[in-house]
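What follows is the residue order along each chain.
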Amino acid sequence: MSNVTAPAQSGVVGKFSNYLDERTSISGAVKEFGRKVFPDHWSFLLGEVALYSFVIILLTGSFLTFFFQASMTPVHYEGSYVPLKGIEMSAAMASTLDISFDIRGGLLMRQIHHWAALLFVASIGLHMLRVFFTGAFRKPRELNWSIGFVLFVLAMAEGFTGYSLPDDLLSGNGLRIIDGMVLGLPVVGTWITFLLFGGEFPGSDIVGRLYSLHILLLPAFVLIFIVLHLMFVIIHKHTQYPGPGKTEENVVGFPILPVYAAKAGGFFFLVFGVVALIGATVTINPIWNYGPYDPSPVSAGTQPDWYIGFADGALRLVPPHLETYWFGYTWSWNIIIPVLLLVVFLAAAFAYPFVEAWVTGDKREHHLLDRPRNAPVRTAIGAAGVTFYAVLWAAASSDIIATHFKVTMEGVINTLQIMLIVAPIVAFMTAKRIALALQKKDREILLHGFETGRVVRLPGGEYTEVHQQLDAYDRWQLVSYNDNAPIMLRPNPQGKITGGMRMRASMSRFFFEDRIAPVSQEEYKQALEHAHH
Amino acid sequence: MAKNESGKADIVPANNAEATGTGVVAPDAFANPGLPPHRPRVTDLDPKAAKRAERTVYVLFYLSIAASVFAVYAYMFFPIEPENVHSVRMNTLYLGLGIAFSLLAIGIAAVHWGKALMADKEAVDHRHPVRGTEETRARAVEIFRESDEESGFSRRTLIRNGLIGALIAFPLPAIALFRGLAPMDVDPNNELKHTFWKKGMRLTRDPQGTPIKASELTIGSAFQVIPEGLVDLPEHEMLDAKAKAAVLLVRLKKEDLNWTSKERESWSYEGIVAYSKICTHVGCPVALYEQQTHHLLCPCHQSQFDISNECAVIFGPAARPLPQLPITVDAEGYLVATSDFTEPVGPSFWERAN
């Protein structure tokens, strides 16, 4: 056995590769991953956008840490921005102003950082919707959904902690709302705020503490969960959309080297480029307009960053006077109810894959995605969830809606309160109907062909439009989907029907009773014969 | 549709009902036609198009170099001049455009290269079930069994239980350490129930700190108020105190004010009333005063309070009226507080009532 058997080792590259491989065994990794196949689809790029925006955030964030001072020590601002000269503010605010007005490229980095953060949360959200509506979370990927969910929550936490760092009027009011919210939690609320703020709000500790979270703990967790997330993508291999030649046992696409290296690598630069373009041309979070934090003033039309909107909206939709004194303590239902609502909503999103797995009892691995129409009830549940979120989100802008559309604020709030309950139900029914209608249309096209627009006159004088049958590949696109039928309630081996079984049967009916089965060969043959008669 | 026409025929559980659950595997399904024939691209058929694509890609890479150089140039030649906001804008814009175009050019070039020029024949990988092979799984179980035997983990129960107990106990000191996040000698409950206001303290303008005479308030006017002496506090104590002590002072016609008791009425002076500015919902400043309707509006979550009726909540998520600061005038005609607030100001908290 010789160590030196590979032929191509001449030249600098060959020698260097040999040097590296003899110390790292890297040729094994290249052999394993170099030609790994990835399927191609635009919707698979959403997760990539999330990953790339995180890289952008790390790069620009590192730059900002070199100049930012996470301290609430009062200083007199002496920088370049004339309107605030001599005003007392925290070192955090002053250093943020210095980054914006005295360091070349500082404002650019701040703006790219903030825009990339907005994009980070947005792309995670869209990626989750893609995964949800295509059923990509099914076995074996349930745990990866959970990991992704944790990343979504971490991203929001990263966003909020970062937003609070400059210690300006807007972020201070955001923290005040957090303080008020936590205060309202039963039993532990008061103490948690004192631990968080190091005493009373605002205190002089919070910026430093949020900074530790923002640049150390949270990014470390984000990184760990991204590594886990991608590790599972490698272990499971990527899902693919159904289509001719694609099966549960294969993956069809392009190899990492060279095609994906070019396309995904290039895509990173595209995302970075677009965010840089936005950062160069569009102002975000102009703290110099707000001024330093002061507990007394507040500007009308205050809005949190977009991803916190749904939580703020939940706070706004509570009806008046919801507070009780029980057993000598204060129960702030105007806080507890919206907090519970958000927790339940997020928990439902977290748990959905496990619920669906339980309802279907399906133990097979699913690597072929569902077209949303082919899972009507799941699609409808997703639509209801999106609508619920959207109403909460709109509520966070209730005042802006009122002033822009010249309607009363009370009217906007009351409408949204009703919509929060009614709109998801309407969305559910509408989405389900649309999905079923699309399935019927697919069936129709399959059985009777598509309209060619060619009208012919028959010998008898009758006019008719010629329908043309699909070719085998297009036909496969319409017939190959995962089909479920409601389970029948049968006694278990002990001869009993348990409550759990009943519940599962009714859930399964809820999911699959309006089922439209894929066309079978027999049906297709009959349809053809019918057409020829 | 299907369930009626084809009857029960296709919902008979598949052979492997254990695994498929509600999934239906129809015996009569269509067969997968396999991958469609490969369709060549323009660049595969037309050498001129391929040449053009090649040119586009390398030109973009060179443009990217130019844009990067431009960004460095912009850094040097669009400097930030002190006290010149325009120079900040130019610096941000040109540096940003240089960086953005250098990145975009790389991105477009690489993607175009990948799509137009690199081999576009789709490859097929085989998937393996995620679960390990039976052999691997058996060996894994065996390893655990062997190591259990060799260590005596489940046989020597005293050791095992001791280990579990110790592992549960050892993080406890870390939890205790976090108690230090809040000051040791401060009772939150007490802090939240008192503000800077004291009997005889003058009401002063925010932020100047100058006292206010009752005669300075015309009907319908409103003042942002802080307690006398607040501005002399060190910055941090000032902010902490102000976060509870901020007050809104308004003068209404006396007949526009409705009182639930004589005592409450005595907290006002000639139609002048002082209410806490800190919203009882989550603590935003209730900053918007509607002169015509005598309503106060919180811009954060739109709670509305009616000054005519002791600041009762008339809309929005707040549960309680804004606390009133009892006021009168001193010998020189300046407005003064007759006591601190009689209830905790700001958001509700658990121990508020006791």
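Residues numbered from 1 in each chain as written. Chains lettered and ligands numbered in written order. Predicted model: local features only at pLDDT ≥ 70, side-chain atom pairs only at ≥ 80, totals over all residues.

A. Region of interest: the overall build of chain A. For chain A, the count of helices and strands is 19 helices and nine strands. A principal-axis box enclosing the C-alpha atoms of chain A has dimensions of 95 × 80 × 65 Å. Within chain A, the proportion of its 533 residues that are buried is 43%. Restricting the contact set of chain A to residue pairs at least 6 apart, pairs at least 24 apart contribute 73%. (Helix = DSSP H or I, 4+ residues; strand = E, 2+ residues; numbered from the N terminus. Buried ≥ 20, exposed ≤ 12 C-beta atoms within 10 Å, placed from the backbone. Contact = placed C-beta atoms within 7 Å.)

B. Examining the overall build of chain B more closely. A count of helical and extended segments in chain B gives 11 helices and 13 strands. For 354 residues, the compact-globule formula gives about 20 Å, and the C-alpha radius of gyration of chain B, at 38 Å, lies well above that figure. Taken over the C-alpha atoms alone, chain B extends approximately 95 × 75 × 60 Å along its principal axes. Expressed as a percentage of the 354 residues in chain B, the buried residues total 34%. (Rg over C-alpha atoms; globule rule 2.2 N^0.38 Å.)

C. Up close: the nonpolar core. Of all hydrophobic cores here, the largest spans 185 residues; its most connected members are F120(A), L203(B) and V247(B). Looking at which element gives the most residues to this core, the answer is helix α5 (residues 106-133) of chain A, with 15 residues. Among residues more than four places away in sequence, those in contact with V247(B) are L203(B), V225(B), A274(B), Y275(B), S276(B), K277(B) and L325(B). W476(A), L478(A), V479(A) and V519(A) belong to the second-largest nonpolar core, a separate cluster that totals five residues. (Core = buried A, V, L, I, M, F, W, Y, C linked by C-beta atoms within 7 Å.)

D. Here's a closer look at unusual backbone geometry. In this structure, the amide linkage connecting L257(A) to the following residue, P258(A), adopts the cis form with an omega of 0°. By the element assignment, P258(A) lies in helix α10 (residues 256-281). The peptide bond linking D206(B) to P207(B) adopts the cis configuration, its omega dihedral lying at 5°. The phi angle at E310(B) is positive, at roughly 55°, despite the residue not being glycine.

E. Representation of the interface of chain A and chain B within the structure. The interface is formed by 118 residues belonging to chain A together with 98 residues belonging to chain B. Looking at which element gives the most residues to the side of chain A that touches chain B, the answer is α10(A), with 16 residues. Residue classes in the side of chain A that touches chain B are distributed as 56 nonpolar, 39 polar and 23 charged. Across two bridges, strand β9 (residues 483-484) of chain A lies against strand β1 (residues 23-24) of chain B in antiparallel orientation. (Nonpolar A, V, L, I, M, F, W, Y, C, P; charged D, E, K, R; others polar. Pairing = 2+ DSSP bridges.)

F. Representation of the environment of P74(A). Its location among the elements puts P74(A) in strand β2 (residues 74-76). The sequence separation of P74(A) and M89(A) amounts to 15 residues, and the corresponding C-alpha distance is 5.4 Å. If we skip the residues at most four places from it in the chain, P74(A) touches E88(A), S90(A) and E235(B).

G. Expanded view of the domain arrangement of chain A. Residues and elements named next belong to chain A. Structurally, chain A comprises domain 1 (34-365) and domain 2 (436-532). Relative placement of domain 1 and domain 2: their C-alpha centres are 43 Å apart. The class makeup of the residues in the side of domain 1 that touches domain 2 is four nonpolar, two polar and no charged. (Domains from an automatic or database assignment.)

H. Inspection of helix α1 (residues 11-24) of chain A at higher detail. An ideal rise of 1.5 Å per residue puts 20 Å on 14 residues; α1(A) measures up with 20 Å between its terminal C-alpha atoms. Just downstream of α1(A) lies S25(A), where phi reads positive at about 60°. (Expected span 1.5 Å × (residues − 1).)

I. The sheet that holds strand β10 (residues 312-315) of chain B, seen in detail. Residues and elements named next belong to chain B. Ordered in space as β7-β8-β9-β10, the four strands form an open sheet in which the pairing is antiparallel. The open sheet is flanked by β7 (288-290) and β10, the only strands paired with a single partner. Recorded for the sheet is a direction-independent mean angle of 30° between the axes of neighbouring strands. With three bridges joining them, strand β9 (residues 304-306) and β10 adopt antiparallel strand pairing. (Axes fitted to C-alpha atoms, helices over the stretch in contact; angles between N-to-C directions.)

J. View of the sheet that holds strand β4 (residues 222-227) of chain B. All names here are of chain B. Pairing in this open sheet of five strands is antiparallel, and the strands run β3-β4-β5-β6-β11 from one edge to the other. Looking along the sheet, the strands with just one partner apiece sit at the ends: β3 (203-205) and β11 (324-325). Relative to β11, strand β6 (residues 272-276) runs antiparallel, the two being bridged by two bridges. By the bridge assignment, Y275 is partnered in β11 with Q324.

K. A look at the packing of helix α12 (residues 309-316) of chain A against helix α14 (residues 376-395) of chain A. Residue and element names in this part refer to chain A. At a minimum axis separation of 6 Å, α12 and α14 run at an interaxial angle of 75°. Classified by the angle their axes make, α12 and α14 are roughly perpendicular. Of the residues in α14, those in contact with G309, F310, G313, A314 and R316 of α12 are Y389, L392, W393, A394 and A395. (Parallel < 35°, antiparallel > 145°, perpendicular 65-115°, else oblique.)

L. Expanded view of the environment of G411(A). As for its placement among the helices and strands, G411(A) is situated in helix α16 (residues 409-448). The partly exposed category is assigned to G411(A), around which 13 C-beta atoms lie within 10 Å.

M. Spotlight on the domain arrangement of chain B. Each domain of chain B was delimited in the assignment, giving domain 1 (42-117), domain 2 (134-177) and domain 3 (191-337). With centres defined by C-alpha atoms, the gap from domain 2 of chain B to domain 3 of chain B works out at 63 Å.

N. Region of interest: the packing of helix α3 (residues 45-65) of chain A against α10(A). Residue and element names in this part refer to chain A. Here α3 crosses α10 at 60°, and the two axes come no closer than 9 Å. Regarding the angle of α3 to α10, the classification is oblique. Pair α3 / α10 crosses with right-handed handedness. Counted together, L45, E48, V49, Y52, S53 and I56 of α3 and A264, F267, F268, V271, F272 and V275 of α10 form the full contact between these two elements. Residue composition of the contact of α3 with α10, grouped by class: 10 nonpolar, one polar and one charged. (Left-handed = near helix turned anticlockwise from the far one by under 90°.)

O. Layout of the environment of S27(A). Structurally, S27(A) is set in helix α2 (residues 26-33). The exposure class of S27(A) is partly exposed, given the 15 C-beta atoms found within 10 Å.

P. The confidence of the model for chain B, seen in detail. Residue and element names in this part refer to chain B. For chain B, per-residue confidence averages 92 on the pLDDT scale, and residues scoring 70 or more make up 95% of the total. Across residues 1-15, where pLDDT falls below 50, the model places 16 contacts with residues more than four positions away in sequence or in other chains. For this predicted complex, the interface score ipTM comes out at 0.93, while the overall pTM is 0.94. (pLDDT = per-residue confidence, 0-100.)

Q. Examining the pairing of strand β7 (residues 450-457) of chain A more closely. Residue and element names in this part refer to chain A. In terms of residue burial, β7 counts as a barely covered element, since only zero of its eight residues are buried. Direction of pairing for β7 relative to strand β8 (residues 463-468): antiparallel, over a ladder of five bridges. By the bridge assignment, V456 is partnered in β8 with T464.

R. Quick peek at helix α6 (residues 134-151) of chain B. Residues and elements named next belong to chain B. Between its first and last C-alpha atoms α6 spans 26 Å; for 18 residues at 1.5 Å apiece the expected length is 26 Å, and the two agree. Within α6, only zero of the 18 residues are buried, which leaves the element largely exposed. Positive backbone phi, approximately 75°, marks G152, located one or two places after α6.

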